[in-house]
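The primary structure of each chain is shown beneath.
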Amino acid sequence: MSYETFRNPGKYFSLTFEGSPQERVAPHSGETHWWGGAESQNENILNVDSANIGAGAVVDFWTWYFIEEGWDYGFVEAQVGGNWVTVPLFSGSTEVTTDDNPHENNTEGNGLTGTSGGAYFVDEPEYVHLTGTLPVGTTNVRFRYSTDAGYLDGREPAFLLA
């Protein structure tokens, strides 16, 4: 996605939009996915119907993300005793979430940031398979994409779940 800013274009002007009205990233499987949005300074949440969660339950999903590294974060959260806690996520045996908090935007810890499947602004994102063990006492699960007030010029950040 790209955009232009017009300053004083006059009383009348016209715009022509070209391109596909469809998503830029195809779902990993099936026909749909959840897109966390591209707004600045926002909290986008996907609540998951999570009745009857057993002890040691595992959240298991595919994701594609290009998240402003160190500034914006994606989270999986579990509600335990009425409080939301973040869940560490793994690709195989490697933890992919971080507790690093360089700009005070990852105070909860266990945040996803950067580029899925590669180096930030070096590699194109790719779908990765992630898992996380939910804490004992989990009653609800949600995905949250949290962004700061700034934005990236030239690339649209995204957090997708398949």
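The following refers to the structure shown. Just so it is clear, the model here is predicted, and its values are computed rather than measured.

**Looking at the overall build of the protein**
Counting its regular elements, the protein contains 0 helices and 11 strands. Across the protein, helices and strands are ordered from the amino to the carboxyl terminus as β-β-β-β-β-β-β-β-β-β-β. Here the protein, with 162 residues, has 38% of them falling under the buried criterion. Summing over all exposed atoms, the protein offers an accessible surface of approximately 9900 Å²; the carbon and sulfur share of this is 48%.

**Describing the nonpolar core**
Counting residues in each nonpolar core, the largest one holds 16 residues, and the members touching the most others are Val59, Phe61, Val76, Leu89, Leu130, Leu134 and Phe143. For this core, the elements supplying multiple residues, two or more each, are β3 (58-67), β4 (73-80), β9 (128-133) and β10 (138-146). Top contributing element to this core by residue count: β3, with 4 residues. Apart from the residues within four sequence positions on either side, leucine 130 is in contact with Val59, Asp60, Phe61, Thr63, Leu89, Phe90, Ser91, Val96 and Leu112. Formed by 5 residues, the second largest nonpolar core is a distinct cluster that contains Trp64, Phe66, Tyr120 and Tyr127.

**A word on the sheet that holds β4**
On the basis of which strands lie adjacent, the open sheet formed by 4 strands has the order β2-β10-β4-β5 and antiparallel pairing. Because the sheet does not close on itself, it has two edges, and the strands there are β2 (43-48) and β5 (83-86). On average, each strand axis in the sheet is inclined to that of its neighbour by 30°, with strand direction left out of account. Note that β2 and β10 share 6 bridges and pair antiparallel. Its bridge partner lying in β10, isoleucine 45 is registered against arginine 144.

**Description of the pairing of β10**
With 7 of its 9 residues buried, β10 lies for the most part within the structure. Bridge count between β4 and β10: 8 bridges; the pairing is antiparallel. Looking at the pairing, tyrosine 73 lines up with serine 146 of β10.

**Looking at the packing of aromatic side chains**
Both the distance between ring centres and the angle between the ring planes are used here to describe each pair of aromatic rings. Overall, the coordinates contain 3 aromatic pairs when judged by the stated rule. Consider the rings of phenylalanine 61 and phenylalanine 143, whose centres lie 5.0 Å apart with planes at 80°: the pair is edge-to-face. Within this pair, whereas phenylalanine 61 is found in strand β3, its partner phenylalanine 143 is found in strand β10, the two being separated by 82 residues in sequence. For phenylalanine 61, a relative accessible area of 5% puts it in the buried group. Classification of phenylalanine 143 as buried rests on a relative accessible area of 6%.

**Describing the pattern of salt bridges**
Scanning all chains against the criterion turns up 4 salt bridges. Among the salt bridges present, the one from arginine 144 reaches glutamate 43, with a minimum N-O distance of 2.7 Å. Highlighted residues: arginine 144 in strand β10 and glutamate 43 in strand β2, separated in sequence by 101 residues. A relative accessible area of 40% means that glutamate 43 is categorised as partly exposed. In this structure, the salt-bridge partner of glutamate 77 is arginine 142, at a minimum N-O distance of 2.5 Å.

**Considering unusual backbone geometry**
With a phi close to 60°, glutamate 104 is a non-glycine residue in the positive phi region. In this model, asparagine 110 sits at a positive phi of 55°, which is unusual for a non-glycine residue. Assignment of secondary structure puts asparagine 110 in the loop between β7 (94-95) and β8 (114-115). The class of asparagine 110 is buried, set by a relative accessible area of 12%.

Conventions we followed
- Residues numbered from 1 in each chain as written.
- Predicted model: local features only at pLDDT ≥ 70, side-chain atom pairs only at ≥ 80, totals over all residues.
- Heavy atoms only, no water.
- Helix = DSSP H or I, 4+ residues; strand = E, 2+ residues; numbered from the N terminus.
- Buried < 20%, exposed > 50% of the residue type's maximum accessible area, 1.4 Å probe, protein only.
- Areas by Shrake-Rupley, 256 points an atom, 1.4 Å probe, with all protein chains shown as cover.
- Core = buried A, V, L, I, M, F, W, Y, C linked by side-chain atoms within 4.5 Å.
- Contact = heavy atoms within 4.5 Å.
- Pairing = 2+ DSSP bridges.
- Axes fitted to C-alpha atoms, helices over the stretch in contact; angles between N-to-C directions.
- Phe/Tyr/Trp six-rings, centres within 6.5 Å; stacked < 30°, edge-to-face > 60°.
- Salt bridge = Lys/Arg side-chain N within 4 Å of Asp/Glu carboxyl O.

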